[in-house]
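# Structural characterization, general
Given next are the chains, with one letter for each unit.
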Amino acid sequence: MARRPVAWVAAIVVLAEALGIVLMNWFLGLVVDRQDMSLAGLDPRAMSVGAWVAGGVFGIYLALCAFVLARAAATDRSPGTVGRILLISAAVVHGLLGAFSIGLVGWLAFVLMMVVLALIVLTLVAYDRRDGAGAKRTGAAPPPAPPASSPEPTTP
């Protein structure tokens, strides 16, 4: 299976997404700040700072996911428990964002979210916890245990 290349591609895509989220929120914060926009009487400066903070937090979250994916690809080992939880939460977030993006942004955004979701899930499935430290599955069952010896001889 090509799990290392999939993990590398997933890491690169998630890192690019993190940079895109940070830049988009930075731009939205600038637009709100320069236009002096307000929503329901909120301070425009608070809204722009909120956009910048949200972009930074979400960007750090995605960059951490990209780091876990890159580490799994570099070492060819399954992520640890915290890394798996992080990647599972990222998969859930991408599934939800994909569902919301159909109506709000369009089908292209949905397809992009589903591609990232598929890369994350494929990496999680490829690096199964039962798979050992980089060992490849052969599909063969372990040999059966030898029968227990009895003190009396058996006859056919």
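This section reports on the structure supplied with the text. Since this is a predicted model, take the numbers as computed values, not measurements.

### Observations concerning the layout of surface pockets
Put simply, the largest pocket is a space of about 310 Å³. Taken together, Val13, Glu17, Ile21, Leu97, Phe100, Ser101, Leu104, Val105, Ala109, Leu112, Met113 and Val116 form the lining of the largest pocket. The residue inventory of the lining of the largest pocket, partitioned by class, reads 10 nonpolar, one polar and one charged.

### A few points about the side chain of Asp76
Its place among the elements puts Asp76 in the loop between α2 (44-75) and α3 (81-104). A distance of 3.2 Å separates polar atoms of two side chains, one belonging to Asp76 and the other to Arg3. In terms of polar contacts, Asp76 uses its side chain to reach the side chain of Tyr127, at 3.1 Å.

### So, the environment of Gly98
Among the structural elements, Gly98 can be located in helix α3. Along the sequence, Gly98 and Ala109 sit 11 residues apart, while their C-alpha atoms lie 7.1 Å from each other. Not counting residues up to four positions away in its chain, the partners in contact with Gly98 are Phe110, Met113 and Met114.

### Focus: the pattern of salt bridges
As enumerated under the stated definition, the model contains two salt bridges in all. A salt bridge links Arg3 to Asp76, with the shortest nitrogen-to-oxygen separation between them at 3.2 Å. Of this pair, Arg3 sits in helix α1 (residues 3-35) while Asp76 sits in the loop between α2 and α3, and the two are 73 residues apart along the sequence. The class of Asp76 is buried, set by a relative accessible area of 12%. Across the pair Asp33 and Arg45 runs a salt bridge, and its minimum N-O distance is 3.5 Å. Taken together, the positions of Asp33 in helix α1 and Arg45 in helix α2 put the pair 12 residues apart, joining distant regions of the chain. When its relative accessible area of 29% is taken as the criterion, Asp33 is described as partly exposed.

### Quick notes on α1
The periodicity of an α-helix, 3.6 residues per turn, causes residues three or four places apart in sequence to face the same way. In a regular helix each residue adds 1.5 Å, so 33 residues correspond to 48 Å; α1 covers 47 Å between its end C-alpha atoms and thus fits that length. Remark: Asp36 follows α1 within two positions and exhibits a positive phi of approximately 55°.

### Here's the deal with the packing of α2 against α3
The contact between α2 and α3 brings their axes to 10 Å, and the two run at 125°. Considering the angle they form, α2 stands oblique to α3. Seen from above, α2 lies across α3 with left-handed handedness. Between α2, through Phe58, Tyr61, Leu62, Leu64, Cys65, Val68 and Leu69, and α3, the contact on the second element is made entirely by Gly83, Leu86, Leu87, Ser89, Ala90, Val93, His94 and Leu97. Tallied by class, the residues present in the contact of α2 with α3 amount to 12 nonpolar, three polar and no charged.

What counts and what doesn't
Residues numbered from 1 in each chain as written. Predicted model: local features only at pLDDT ≥ 70, side-chain atom pairs only at ≥ 80, totals over all residues. Heavy atoms only, no water. 1 Å grid on protein atoms, 1.4 Å probe; cavity = no way out; pocket = protein on both sides within 12 Å on 5 of 7 lines; lining within 4 Å. Points joined across faces, edges and corners; volume = space filled by probe spheres on them. Nonpolar A, V, L, I, M, F, W, Y, C, P; charged D, E, K, R; others polar. Helix = DSSP H or I, 4+ residues; strand = E, 2+ residues; numbered from the N terminus. Polar contact = N/O pair within 3.5 Å; in protein donor to acceptor, adjacent residues only side chain to side chain. Contact = heavy atoms within 4.5 Å. Salt bridge = Lys/Arg side-chain N within 4 Å of Asp/Glu carboxyl O. Buried < 20%, exposed > 50% of the residue type's maximum accessible area, 1.4 Å probe, protein only. Expected span 1.5 Å × (residues − 1). Axes fitted to C-alpha atoms, helices over the stretch in contact; angles between N-to-C directions. Parallel < 35°, antiparallel > 145°, perpendicular 65-115°, else oblique. Left-handed = near helix turned anticlockwise from the far one by under 90°.

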